[in-house]
Amino acid sequence: MSSHDLLPPNPLRAVQSGPLRGTLKPPGDKSISHRAFIMALLCVGETQIEGLLEGDDVLRTGAAVAALGAKLTHLGPGNWRVQGAGLGTLKSPGETLDFGNAGTGSRLMMGVVGGHGITARFDGDASLRKRPMRRILDPLLQMGAQVLEEAPGGRCPIHLQGTPEPLPIEYHTPVASAQIKSAVLLAGLNSPGTTVVYEKEASRDHSEKMFRHFGADVTVKPHGEHGRKITLIGRPNLKPATVIVPADPSSAAFPLVAALVVPGSDVTITGMMMNPLRVGLLTTLLEMGADIQVMNPRLEGGEDVADLRVRASQLQGVDVPAARAPSMIDEYPVLAVAAAFAKGQTRMRGLQELRVKESDRLAAVAAGLAATGVDHEIIGDDLLVSGGAGTVAGGGRVETHLDHRIAMSFLIMGLASAKPVTIDDEAMIATSFPTFKSLMGALGAQFEAA
Ligand code: S3P
């Protein structure tokens, strides 16, 4: 149970807005921010983090790494200094680790705890308590960890006892999930041997990159048609490093789609991370005919970064292949909104993983589309959206189910639909994009308390 389970909901309405104009820098990447805190915990000495996302999810991971022995100092907005505890020398937290809404934070930290001789209890809000954790626990049990307590179906609250000598394993992830891969690799860091993870489809590689940045020996090779083999040598001598967090493409997705669907808009998004395993939405929008200019490509903090100039466009429906899912997994809700404004039908294939995100996103998106008058259908694991060629009725009230991306996606719809769109609660936006309303407002987006 988290504090936001107890607060009354805060409905918010988005109304048709004039052209969106201006420049916006999205907040730091959530995946990299979680990993920066975790890697800082695992080395002895001082890590400096710049551009950290100070959203609720990441701050929960910060609290967890502090509970395991790190010392965190907040130096200024996005700027943190972390005194690590060191690989192999973590302590058991005195209290339950409350991860709130954060799937990534909880799952990655299960990897850390599972690979150390410590015990921790993991819990979170009503959304996190519904999410499947067996996919993380299974490989950790193979490595020698033990589950002392779990809710039915392998759900939180989970009491996990780690092992001081994690067995090196070769693990084939059952679904393309960076969270599963990262949990295994994080446990493998403290293993006396070599840990190997195979994935059939490449998922985001921020853990691999950051492990190397902190001095670990990680090699990545192709595996099969789209997959990868990741090999990690355990017990590296991790060295503190400076982490510069680039802007989150999953947050940039909201102003990006807003600028495309609000007529007359012209918006520049700066410093967006262009890691090839995160830019599936950009690829799809370009296929749909979006007017997006990629400017100033550069390398920042070890990641590809660019500025995007986005102008309102009449999008066309497309067929999005299932193989693209890992590189745009969190962007389907807002892609569904873009598709609602497109001309013709968009088919998004292979969305089974959306059912186990912060909400059942496939059901939540479909319900939101129904509430706002958008013609759509679910066939198997595919979502089909029939676009209104620039016109969407809107007017509905959308249930967010404690899901930040459902909340923001339908607010974006309301900026361009004929009637306003109301969401039942804006609270969860703070988990990943606490400055959403103010940054979007500065571009000309209008939101009202409902
Ligand atoms: C994340 C991986 C993705 C994504 C999540 C962040 C990460 O989940 O949906 O928001 O940082 O590793 P899966 O890896 O389970 O698909």
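Refer to the structure above for everything that follows.
Summary of the structure given here. Because the structure is predicted, anything quoted here is derived from the model rather than measured. The written sequence of each chain sets the order in which its residues are numbered from 1. Residue-level local features of this predicted model are given only where pLDDT is at least 70; pairs of side-chain atoms are given and counted only at 80 or more, and the full residue set underlies all totals for whole chains, interfaces and linings. Excluded from the side-chain calculation are hydrogens and water; included are all heavy atoms of the structure.

### Regarding the side chain of asparagine 101
When you line up the elements, asparagine 101 lands in the loop between strand 6 (97-98) and helix 4 (103-114). For the exposure calls, accessible area comes from a 1.4 Å probe over protein chains only, and a residue counts as buried if that area is under 20% of its type's maximum, exposed if over 50%, partly exposed in between. Among the residues examined, asparagine 101 registers a relative accessible area of 0% and is labelled buried. Among the polar contacts made by the side chain of asparagine 101, one reaches the side chain of serine 127 at a distance of 3.5 Å. What counts as a helix is a DSSP run of H or I of at least four residues, what counts as a strand is a run of E of at least two, and both are numbered from the N terminus. Definition of a polar contact: a pair of N or O atoms within 3.5 Å, with one able to donate and the other able to accept a hydrogen when the atoms are protein atoms, and with sequence-neighbouring residues admitted only if both atoms are side-chain atoms.

### With respect to the site of the ligand
Put simply, a residue is near a molecule or strand once any heavy atom of it comes within 4 Å of that molecule or strand. Taken together, Ser31, Arg35, Thr104, Ser177, Ala178, Gln179, Arg204, Ile329, Asp330 and Lys357 are the residues near the ligand. Take alanine 178: an N or O atom from its main chain is 2.6 Å from an oxygen atom of the ligand. Glutamine 179 is positioned such that a nitrogen or oxygen atom in its backbone is 3.0 Å from an oxygen atom of the ligand. Starting from 390 Å² of accessible surface for the ligand in isolation, the protein chains cover 95%. The set of elements that each furnish at least two residues to the shell around the ligand consists of helix 2 (30-41) and helix 6 (178-189). When residues are sorted by character, Ala, Val, Leu, Ile, Met, Phe, Trp, Tyr, Cys and Pro go into the nonpolar class, Asp, Glu, Lys and Arg into the charged class, and all the rest, Gly among them, into the polar class. Counted by class, the shell around the ligand contains two nonpolar, four polar and four charged residues. Boundaries between domains were set according to an automatic or database domain assignment. Viewed by domain, the shell around the ligand spans two of them, domain 1 (3-28 + 246-449) and domain 2 (30-244), each represented by three or more residues. Here, Shrake-Rupley sampling with a 1.4 Å probe gives the accessible areas, and only protein chains in the shown set may cover a residue.

### Focus: the layout of surface pockets
We place a 1 Å grid over just the protein atoms. Points where a 1.4 Å probe fits but has no way out form a cavity, open points with protein on both sides within 12 Å along at least 5 of 7 lines form a pocket, and any residue with an atom within 4 Å of a point lines it. Grid points are joined across faces, edges and corners, and a volume is the space filled by probe spheres set on the points. Of the volumes computed, that of the largest pocket is approximately 640 Å³. Lining the largest pocket are 39 residues, with Ala176, Ser177, Ile329, Glu353 and Lys357 positioned closest to its centre.

### Description of the pairing of strand 11 (residues 194-199)
The element strand 11 is largely enclosed, with a buried count of five among its six residues. Paired strands are those between which DSSP finds at least two bridges. Bridge count between strand 10 (residues 170-172) and strand 11: three bridges; the pairing is parallel. Along strand 11, the bridge assignment pairs glutamate 170 with valine 196. As judged from the six bridges shared by strand 11 and strand 13 (residues 227-233), these two strands associate in the antiparallel manner. By the bridge assignment for strand 13, valine 196 is matched with threonine 231.

### As for the environment of glutamate 399
Along the chain, glutamate 399 turns up in the loop between strand 22 (397-398) and helix 12 (404-414). In this structure, glutamate 399 is in contact with Ile406 and Asp424, ignoring residues within four places of it in sequence. Contact between two residues is taken to exist if any of their heavy atoms lie within 4.5 Å; hydrogens are not considered.

### Topic: the sheet that holds strand 2 (residues 21-24)
Across the sheet, which stays open at both edges, the four strands sit in the order 2-15-17-16 with mixed pairing between neighbours. The open sheet terminates on both sides in strands that have one partner only, identified here as strand 2 and strand 16 (291-300). The mean inter-strand angle of the sheet, taken between neighbouring strand axes irrespective of direction, is 15°. Sheet topology note: the strand 16/strand 17 (residues 303-311) ladder contains eight bridges and is antiparallel. Of the residues in strand 17, the one forming a bridge with glutamine 293 is arginine 309. Lines fitted to C-alpha atoms define the axes, with helix axes restricted to the stretch in contact, and inter-axis angles between N-to-C directions lie between 0 and 180 degrees.

### A short note on the sheet that holds strand 5 (residues 79-84)
Across the sheet, four strands lie side by side as 4-5-3-14; this open sheet has mixed pairing. Each having just a single partner strand, strand 4 (71-76) and strand 14 (242-244) make up the two edges of the open sheet. Neighbour-to-neighbour, the strand axes of this sheet turn through a mean angle of 15°, independent of strand direction. In this sheet, strand 14 lies alongside strand 3 (residues 45-50) in parallel orientation, the contact comprising three bridges. By the bridge assignment for strand 14, isoleucine 49 is matched with valine 243.

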